[in-house]
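Report on the structure
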Amino acid sequence: MFKIGNIEIKNRVCVAPMAGITDLPYRIILKEMGTSLLTTELVSAKGIYYNNPNNKIIMATDKKESPVALQLFGADPIIMSLVANNVKDSYDIIDINMGCPVLKVVRNGEGAALLKNESLACRIVESIVRVIGDEKPVTCKIRIGYDNNHINAVKFSKALESAGAKAITIHGRTKTELYSGECHRDVIKDVKSSVKIPIIANGNIWNIYDAKSMLEETGADAIALGRAVKGNPWIVKECIEYIENDKIIDRPTKDEIKKMMYRHVDDEINFKGEMKAISELRHHLAWYTHGMENSTKFRLELNSADTKEKIYSLIDKL
Ligand SMILES: Cc1cc2nc3c(=O)[nH]c(=O)nc-3n(C[C@H](O)[C@H](O)[C@H](O)COP(=O)(O)O)c2cc1C
């Protein structure tokens, strides 16, 4: 157990935010698997400020998933602090995205562009902390630097800590590395030994062994699982058991996976409505069947399944 500000984080297995994946229904599934900290998909502070109606779904939360962080992206300290103050009551933590590499985000000086603009990154944290006080901790999610010539995570993290950040999640890659190649655990380790606030290590954790070795090699307070949770929420429970008790628990059976698929379909449809849910569910359902017999046929047929009944009957046949 550790604390982020005044929030108790009950174990060392968090889940990283992933746009298009970790929406509310899936976060609740991940919570039931035992994760100690969840974060919403990234949402534009400006979009909230100007009442973009699409944000309603991204910002949806439920007491069941607490503690949960709202992840904001933006580059305007005033807008970000106003927005954080307006919405803070619904969340436990306000997290600032400083790692998103998407062109339209970076071009606006937001997301990973902040890695190159330490003073603005700090002003964002300071102004949010000034407005919301100690009531809700402000955290940041960063990468190790912008590119190989600018690996500045240690200096950057110290500055964020001084600005008032209460924890940092660090993805061990640069912005230009995107999501491939090695995760630079050595830099995460250097960051951990340079600051006093909790550090959550992220990047390339695919199984229980990666999870434990990430903690051992970096000294981080926790890990954040990323793409490994796609179609595999059970990995959360497996990592917790392995880290805390050295125990390797059984993988889910095919029936358990199918049960989870039906449940995920129901929850997404109840949350987003059939049409929107089904187009997004296709990815999730394909991931669940990874490595299963007949999964190629299932995925092909899934493309034309446009009602809950058709999807259910495809799952039945698996
Ligand atoms: C599809 C996708 C969407 C993502 N969306 C977000 C996001 O909204 N906010 C964020 O901070 N990081 C986002 N990330 C980055 C992940 O949180 C994580 O840092 C990254 O995937 C590295 O971890 P991994 O190697 O374990 O997947 C996203 C990554 C992926 C693959």
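Residues numbered from 1 in each chain as written. Predicted model: local features only at pLDDT ≥ 70, side-chain atom pairs only at ≥ 80, totals over all residues. Heavy atoms only, no water.

The subject of this paragraph is helix α10 (residues 234-245). The end-to-end C-alpha distance of α10, which contains 12 residues, comes to 16 Å, matching closely the 16 Å that a straight helix rising 1.5 Å per residue would cover. Considered for burial, the residues of α10 that qualify are Trp234, Ile235, Val236, Glu238, Cys239, Ile240, Tyr242 and Ile243. Summarising the contacts, the buried residues of α10 are in contact with β3 (13-15), α1 (24-32), α9 (208-218), β11 (222-225), α11 (254-272) and α12 (274-288). Positive backbone phi, at 60°, marks Asp246, one or two positions downstream of α10. (Helix = DSSP H or I, 4+ residues; strand = E, 2+ residues; numbered from the N terminus. Expected span 1.5 Å × (residues − 1). Buried < 20%, exposed > 50% of the residue type's maximum accessible area, 1.4 Å probe, protein only. Contact = heavy atoms within 4.5 Å.)

Near the ligand you find 18 residues, and of these Pro17, Gln71, Asn202, Asn204 and Arg227 are the closest. Between the ligand and Leu42 there is a distance of 3.1 Å, counted from an oxygen atom to a backbone nitrogen or oxygen. Burial of the ligand by the surrounding chains reaches 87%, relative to a free accessible area of 610 Å². (Near = heavy atom within 4 Å. Polar contact = N/O pair within 3.5 Å; in protein donor to acceptor, adjacent residues only side chain to side chain. Areas by Shrake-Rupley, 256 points an atom, 1.4 Å probe, with all protein chains shown as cover.)

As far as domains go, the chain holds domain 1 (2-245) and domain 2 (254-317). One C-alpha centre belongs to domain 1, the other to domain 2, and the line joining them spans 29 Å. Counting residues at the interface gives 16 residues for domain 1, matched by 14 residues for domain 2. Summed over both partners, the interface of domain 1 with domain 2 comes to about 1,300 Å²; 72% of that surface belongs to carbon and sulfur atoms. A salt bridge links Glu32 to Arg263; the nearest nitrogen and oxygen atoms lie 2.8 Å apart. Linking domain 1 with domain 2 are 2 residue pairs in polar contact (both at pLDDT 80 or more). (Domains from an automatic or database assignment. Buried area = accessible area lost by both parts, 1.4 Å probe. Salt bridge = Lys/Arg side-chain N within 4 Å of Asp/Glu carboxyl O.)

Its place among the elements puts Cys14 in strand β3. With relative accessibility at 2%, the residue Cys14 sits in the buried group. The residues touching Cys14, leaving out its near neighbours within four places in the chain, are Thr35, Ser36, Leu37, Ile200, Ala222, Ile223, Ala224 and Leu225.

Take the packing of α12 against helix α13 (residues 295-302) next. For any two helices packed against each other, one specifies the inter-axial angle together with the distance between the axes. Axis separation between α12 and α13 bottoms out at 10 Å; the angle between their running directions is 175°. Relative to α13, the element α12 lies roughly antiparallel. Taking contact as the criterion, the partners of Arg282, Leu285 and Ala286 in α12 are, on α13, Phe298, Arg299 and Leu302. Of the residues belonging to the contact of α12 with α13, the class tally is 4 nonpolar, no polar and 2 charged. (Axes fitted to C-alpha atoms, helices over the stretch in contact; angles between N-to-C directions. Parallel < 35°, antiparallel > 145°, perpendicular 65-115°, else oblique. Nonpolar A, V, L, I, M, F, W, Y, C, P; charged D, E, K, R; others polar.)

What follows is about the nonpolar core. Grouped together as the largest cluster of nonpolar side chains are 95 residues, with contacts concentrated most on Met98, Ile142, Leu160 and Leu285. Among the elements that make up this core, the one with the highest residue count is helix α6 (residues 118-132) (8 residues). Residue contributions to this core reach at least three from each of two domains, namely domain 1 (2-245) and domain 2 (254-317). Core analysis: the next-biggest nonpolar cluster, separate from the first, contains 13 residues, Ile4, Ile7, Cys14 and Ala167 among them. (Core = buried A, V, L, I, M, F, W, Y, C linked by side-chain atoms within 4.5 Å.)

We now examine the pairing of β11. Side-chain alternation along β11 places Ala222 and Ala224 on one buried face and Ile223 and Leu225 on a second face that is also buried. When β3 meets β11, the two strands line up parallel, connected through 3 bridges. Each bridged residue has a counterpart across the sheet, and for Val15 the counterpart in β11 is Leu225. In the sheet, strand β10 (residues 199-202) pairs with β11 via 3 bridges, with the strands oriented parallel. Bridging from a neighbouring strand, Ile200 pairs with Ala222 of β11. Following the chain from β10 across α9 to the adjacent parallel β11, one finds a crossover that is right-handed. (Pairing = 2+ DSSP bridges. Right-handed = clockwise from strand over helix to strand, strands pointing away.)

The grouping of Tyr49, Tyr50, Ile78 and Leu82 at the surface amounts to a nonpolar patch, some 450 Å² of accessible area in total. With respect to the helices and strands, the residue Ile78 is situated in helix α4 (residues 77-87). Overall, the relative accessible area of 59% leaves Ile78 in the exposed class. (Patch = residues over 30% accessible without salt bridge, like charges linked within 9 Å, V, L, I, M, F, W, Y side chains within 5 Å.)

Attention now goes to the pattern of salt bridges. Per the counting criterion, the structure on display carries 16 salt bridges. Of the charged contacts in the structure, one is a salt bridge between Glu65 and Arg27, with a shortest N-O distance of 2.5 Å. Residue Glu65 is located in the loop between α3 (55-59) and β6 (68-73), and its partner Arg27 is located in helix α1; the two are separated by 38 residues in the primary sequence. On the basis of relative accessible area, Arg27 is assigned to the buried category, the value being 0%. Linking Lys272 and Glu268 is a salt bridge whose minimum nitrogen-to-oxygen distance equals 3.7 Å. Here Lys272 pairs with Glu268, and both are found in helix α11, just 4 residues apart, close to one helical turn. A relative accessible area of 14% places Lys272 in the buried class. Classification of Glu268 as buried rests on a relative accessible area of 2%.

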